[in-house]
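# Remarks on the overall topology
Below are the chains, spelled out letter by letter.
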Amino acid sequence: MSEMLSLENVVAGYGEAKVLDGCTLSLHDGESLAVLGRNGVGKSTLLMTLMGHTRVHSGAIRWLGRDLAGIAPHRRAGIGLGWVPQEREIFASLTVEENLSITALPGKWDLTRIYGLFPRLKERRRNWGNELSGGEQQMLAIGRALMLNPKLLLLDEPLEGLAPVIVEQLCEAIGRMVKEEGQALVLVEQRAEQALQLTHRCVVLERGRIVHVADSPTQLQDMAMLDKWVGVRLSEV
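Residues numbered from 1 in each chain as written. Predicted model: local features only at pLDDT ≥ 70, side-chain atom pairs only at ≥ 80, totals over all residues. Heavy atoms only, no water.

The pairing of strands in a sheet comes from backbone hydrogen bonds and takes either a parallel or an antiparallel form. Ordered by their spatial adjacency, 6 strands build an open sheet running E6-E7-E8-E3-E9-E10, and the pairing between neighbours is mixed. One side of each edge strand has no neighbouring strand; the edge strands of this open sheet are strand E6 (81-84) and strand E10 (209-215). Direction aside, neighbouring strands of the sheet carry axes that sit 15 degrees apart on average. On top of the sheet, helix H5 (residues 134-146) reaches E6 and strand E7 (152-156); it is set at about 170 degrees to E6, its chief contact. (Pairing = 2+ DSSP bridges. Helix = DSSP H or I, 4+ residues; strand = E, 2+ residues; numbered from the N terminus. Axes fitted to C-alpha atoms, helices over the stretch in contact; angles between N-to-C directions. Contact = heavy atoms within 4.5 Å.)

Chain-level statistics for the chain give a pLDDT mean of 93 and a share of 97% at 70 or above. The low-confidence segment residues 232-237 (pLDDT under 50) makes 10 contacts with residues lying over four places distant or belonging to another chain. (pLDDT = per-residue confidence, 0-100.)

Before going further, it helps to examine the state of the cysteines. For the structure on display, the rule yields 0 disulfides. The thiol of cysteine 171 is unpaired, and the distance to the nearest cysteine sulfur, on cysteine 202, comes to 16 Å. Cysteine 171 gets classed as buried once you look at its relative accessible area, which sits at 12%. Cysteine 202 carries a free sulfur, and the closest cysteine sulfur to it, the one in cysteine 23, is 14 Å from it. Under the relative-accessibility criterion, cysteine 202 is labelled buried at 0%. (Disulfide = S-S within 2.5 Å. Buried < 20%, exposed > 50% of the residue type's maximum accessible area, 1.4 Å probe, protein only.)

Glancing now at the packing of aromatic side chains. Taken as a whole and judged by the stated rule, the model has 0 aromatic pairs. Against the face of tryptophan 109 rests arginine 113, its NZ or CZ located 5.9 Å from the ring centre. (Phe/Tyr/Trp six-rings, centres within 6.5 Å; stacked < 30°, edge-to-face > 60°. Lys NZ or Arg CZ within 6 Å of the ring centre and 35° of its normal.)

Glancing now at the environment of leucine 185. Its location among the elements puts leucine 185 in strand E8 (residues 184-188). Between the alpha carbons of leucine 185 and histidine 53 there is a distance of 19 Å; along the sequence they are 132 residues apart. In contact with leucine 185, other than residues within four places in its own chain, are Leu27, Glu31, Ser32, Leu33, Leu152, Leu153, Ile174, Val178 and Thr199.

Taken as a whole and assessed by the stated rule, the structure comprises 10 salt bridges. Arginine 120 is the salt-bridge partner of glutamate 123, the closest N and O atoms lying 2.7 Å from each other. On the criterion of helical spacing, the pair formed by glutamate 123 and arginine 120 is a turn pair, its members being 3 residues apart in helix H4 (residues 119-123). Taking the relative accessible area as the measure of exposure, glutamate 123 reaches 55% and is therefore exposed. A salt bridge links glutamate 180 to arginine 176; its shortest N-O distance comes to 3.9 Å. (Salt bridge = Lys/Arg side-chain N within 4 Å of Asp/Glu carboxyl O.)

Turning our eyes to something else, we now look at the pairing of E7. In terms of burial, E7 is a largely internal element, 5 of the 5 residues being buried. Pairing geometry for E7 and E8, over 5 bridges, is parallel. Note that in E8 the partner of leucine 155 across the bridge is leucine 187.

So this is what it looks like as structure tokens:
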């Protein structure tokens, strides 16, 4: 597999405030990565940095061999980065199908494939965005990002605040993306065990630094070791 993304000693944050402190990692084509850690350690900032919404103080970020620093945030979707923020940011005044179609770029992900991944969206395709439940909105946000046909999908806590039955459905869909479609993704998630079940590798962030790296299947066999960094495992509460 060829290297898709690399970060080298990246220090980044908001204005003069530095949140990421020397982050180094790489991701290869078709690979999935879980980013774990407590609240406030820099997980979402990592994704924001990849999308160009933070100030990079030092270090280098390369995407498909290119320096990301020279690419404006609004152009990053066009070069293969798909982002689903915590806020979802769907268009309330558009229908489900319009939300999906408005971002579409050529590729394997089209309406048929999205509706196959999320049958509920097909049922609700004529409903307005503001008529959807929280779980349906999350499905729509993920589907809309996939319609960009991204090389890399960035998911920021997609399971947060959702009912167990919706969490199960989303985990099944994410698992299909990774295992059947070969979709590369970075998954920021508080539910450590579920994140590990869905990914190839994991990193743990603590105070803006990557303090642990492992293969996800191996890490699943030693969840106790993660407790000192991750804390309560939400899949158990």
